[in-house]
Amino acid sequence: MSNTSVSTTDHQQPVVVIGAGPVGLAAAAHLVERGIEPLVLEAGHSAATAVREWAHVRLFSTWAEVTDPAAEKLLAPTGWVRPEGATYPTGGDWAERYLQPLADVLGDKVRYGATVTGVARAGRDRIVDSGREEQPFTVHIETADGGEERITARAVIDASGTWSVPSPMGANGIPALGEKKTAEHITYRVPDLTDPAVRGRYAGKRTAVVGSGASAFTALALLADLAGEEADTHAVWILRRGIGEATYGGGEADQLPARGALGLRAKAAVEKGHASAVTGFRTEAVERDGDRLVLVAEDGRRLDPVDEVIVLTGFRPDLSFVSELRLGLDERLQAPTALAPLIDPNVHSCGTVYPHGVKELSHPEQDVYLVGMKSYGRAPTFLAMTGYEQVRSITAALAGDHEAAERVELTLPETGVCGGAGLFDEREAEQSGEGGGCCAAPATLQIGVGAPAASGGC
């Protein structure tokens, strides 16, 4: 089956947005505001499918920071009122009180049960140059009933995120030996301990938590709370790096207080004995010991057996369905080449986010953009407000308003404590004090003025 309403001119064809998550729906709202027809393709059966999978997790951004201005304008005639701006929603709150209402007001501009399996130039694979830029895009989808369709688009905004491709336990970026065969004891998500079945999986058990970001902090805090209620519950925190000043994040210096508090809760879990930290442990293999698992490091160290493993080592983009497009991606982060140096955690240690919009998000293939979490590739610390600004700039460019597209204006909170040594420990940096705590005070980055103002010695 194929799409029966193939348009003949670019401006009659929709801009296809892949994914009805926060940034995808914001893109649609900005397109509507610009008088451009969007078509949002969502694989799930509701808006914010991925967000709903972590409905129990509270965001460290407030309501004021996770709603988009164009979306709010679109919602206003329905009587929608944004929740108190200074409060913190859970993923479930975000989905039910903002994202689903936004999808509902977009109506038939959002199509559910549509999984994108390929995007290409019409009649051109990635090799062919002739007439390439004059051709529209063709978007191949699979429908919920197993059917297949092709949709013609003037531009494509891929906001499909990275949730579907969690990074593995193996320190070299591929699954550890035995990781797949022991999958029944491994999860790649923060567990919902309010669910009795999930709670029973971890209560009174010894659980390894692999990872060092906000998700790992959340898991450690939840397991510490469980340990206070259920005897013999203990977490083993597996860190590929050592413990330094920046291990627990920005703490009280973080301009996102809830994010700073997460790190402090993780620190408290260790200090109170609910969790023990194992540093410099880069997992190479997972072995069975009866009904339990033993993690083995590259240096030969073996952990005492654990019952469960929670792997929270980040995410990576699924690029399989855009393989026929000419994308310019950084070889390390898998982010757009112009954006990657601005967000590379191997380089940036102070949470600095430089101005970026349509210019940094463009590819050799014109009019195709990766936005939101997917634009960051494997880099962490993406904020929703960054994605909202990305799609504002891109939709302005698609509308021909190049002045607005280049005027990227955004204020982002800075952590206040640096992440120093990047993603891999440098012993010399640890001993010299470099790579942690270089920013003694929080700062606000004014995005759009060329470079961040110096702050706190960074």
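Residues numbered from 1 in each chain as written. Predicted model: local features only at pLDDT ≥ 70, side-chain atom pairs only at ≥ 80, totals over all residues. Heavy atoms only, no water.

Further remarks concern the overall build of the protein chain. Along the backbone of the protein chain there are twelve helices and 17 strands. Residue burial in the protein chain is summarised as follows: out of 458 residues, 51% are buried. Restricting the contact set of the protein chain to residue pairs at least 6 apart, pairs at least 24 apart contribute 69%. Roughly 20,100 Å² of accessible area belongs to the protein chain as shown, and the carbon and sulfur atoms make up 50% of that amount. (Helix = DSSP H or I, 4+ residues; strand = E, 2+ residues; numbered from the N terminus. Buried < 20%, exposed > 50% of the residue type's maximum accessible area, 1.4 Å probe, protein only. Contact = heavy atoms within 4.5 Å. Areas by Shrake-Rupley, 256 points an atom, 1.4 Å probe, with all protein chains shown as cover.)

Right, let's talk about the packing of helix H1 (residues 22-33) against helix H10 (residues 384-398) for a bit. Between H1 and H10, the least distance of the axes is 9 Å, while the angle of their chain directions is 35°. With respect to the hand of their crossing, H1 and H10 are arranged in right-handed fashion. Here Pro22, Val23, Ala26, Ala27, His30 and Leu31 of H1 come into contact with H10, specifically with Gly387, Tyr388, Val391, Arg392, Thr395 and Leu398. Residue classes in the contact of H1 with H10 are distributed as eight nonpolar, three polar and one charged. (Axes fitted to C-alpha atoms, helices over the stretch in contact; angles between N-to-C directions. Left-handed = near helix turned anticlockwise from the far one by under 90°. Nonpolar A, V, L, I, M, F, W, Y, C, P; charged D, E, K, R; others polar.)

Counting residues in hydrophobic clusters, the biggest one holds 78 residues, and the most contacted among them are Leu25, Trp94, Tyr98, Ile157 and Leu398. Every residue in contact with Trp94, bar those within four places of it in the chain, is listed here: Pro22, Val51, Trp54, Leu59, Trp63, Val66, Pro89, Leu99, Ala384 and Tyr388. Residues Val16, Ile151, Leu327 and Val368 belong to the second largest nonpolar core, which totals 20 residues. (Core = buried A, V, L, I, M, F, W, Y, C linked by side-chain atoms within 4.5 Å.)

In this section: the pairing of strand E6 (residues 148-153). Both strand E5 (residues 137-143) and E6 contribute to a ladder of six bridges, which runs antiparallel. Counterpart to Ile141 in the pairing with E6 is Glu149. Here E5 hands over to E6 after four residues, with Gly146 in that stretch at a positive phi of 90°. (Pairing = 2+ DSSP bridges.)

So, on to the confidence of the model for the protein chain. Per-residue pLDDT for the protein chain averages 85, and the proportion of residues at 70 or more is 81%. For residues 1-9, every residue scores under 50 in pLDDT, and the model assigns this stretch eleven contacts once sequence neighbours within four places are set aside. When the criterion is pLDDT under 50, residues 415-458 qualifies, and its contacts beyond four places in sequence or with other chains add up to 102 contacts. (pLDDT = per-residue confidence, 0-100.)

Enumeration over the complete set of coordinates arrives at five aromatic pairs. Geometry around Phe137 places Arg121 over its ring, the cationic atom sitting 4.1 Å from the centre. Here the guanidinium or amino end of Arg189 rests over the ring plane of Trp163, the centre of that ring lying 4.0 Å away. (Phe/Tyr/Trp six-rings, centres within 6.5 Å; stacked < 30°, edge-to-face > 60°. Lys NZ or Arg CZ within 6 Å of the ring centre and 35° of its normal.)

Next up on the list: the pairing of strand E4 (residues 114-121). Across a regular strand the side chains alternate sides, sitting on one face of the sheet and then on the other. With six of its eight residues buried, E4 lies for the most part within the structure. One ladder, built from seven bridges, connects E4 with E5; its direction is antiparallel. Across the sheet, the residue bridging to Ala114 is Thr143, located in E5.

Turning to helix H6 (residues 214-227), a few remarks are in order. Look at H6: 20 Å from first C-alpha to last across 14 residues, which is about the 20 Å you get at 1.5 Å a residue. Of all 14 residues in H6, ten are buried, a share of seventy percent or more. Among the residues of H6, those classed as buried are Ala216, Phe217, Thr218, Ala219, Leu220, Ala221, Leu223, Ala224, Leu226 and Ala227. (Expected span 1.5 Å × (residues − 1).)

As a further point, take the sheet that holds strand E10 (residues 234-238). Across a sheet, paired strands are connected by hydrogen bonds in the backbone, their directions being either parallel or antiparallel. What the five strands build is an open sheet, ordered E8-E14-E9-E10-E11; its pairing is parallel. With partners counted over all chains shown, the strands left at the sheet margins are strand E8 (186-187) and strand E11 (275-278), one partner each. Across five bridges, strand E9 (residues 206-210) lies against E10 in parallel orientation. Residue Ala208 lies in a different strand from E10, and its bridge partner there is Val236.

If you trace the three strands from one edge of the open sheet to the other, you get E4-E5-E6, paired in antiparallel fashion. Every interior strand has two partners, whereas the edge strands, E4 and E6, have only one. If you compare each strand with its neighbour and ignore which way they point, the axes differ by 25° on average.

A positive phi angle is found at Ala48, which is not glycine, with a value near 60°. For Ala48, a relative accessible area of 1% translates into the label buried.

By the secondary structure assignment, Leu262 is in helix H7 (residues 257-271). Leu262 sits in the buried class, given a relative accessible area of 13%. For the pair Leu262 and Thr218, spaced 44 residues apart in the sequence, the C-alpha separation amounts to 6.3 Å. Aside from chain neighbours lying at most four places away, what touches Leu262 is Phe60, Ala214, Phe217 and Thr218.

The next thing to look at is the side chain of Glu365. When you line up the elements, Glu365 lands in the loop between helix H9 (358-361) and strand E15 (368-370). By relative accessible area, which is 3% here, Glu365 ends up buried.

Here we take up the packing of H1 against helix H4 (residues 91-106). Close contact between H1 and H4 brings their axes to 10 Å; oriented N to C, the two are set at 35°. For the pair H1 and H4, the crossing hand works out as left-handed. Between H1 and H4, the contacting residues are Pro22, Leu25, Ala26, Ala28 and Val32 on the first element and Trp94, Leu99, Leu102, Ala103 and Leu106 on the second. Here the contact of H1 with H4 is built from residues that sort into ten nonpolar, no polar and no charged.

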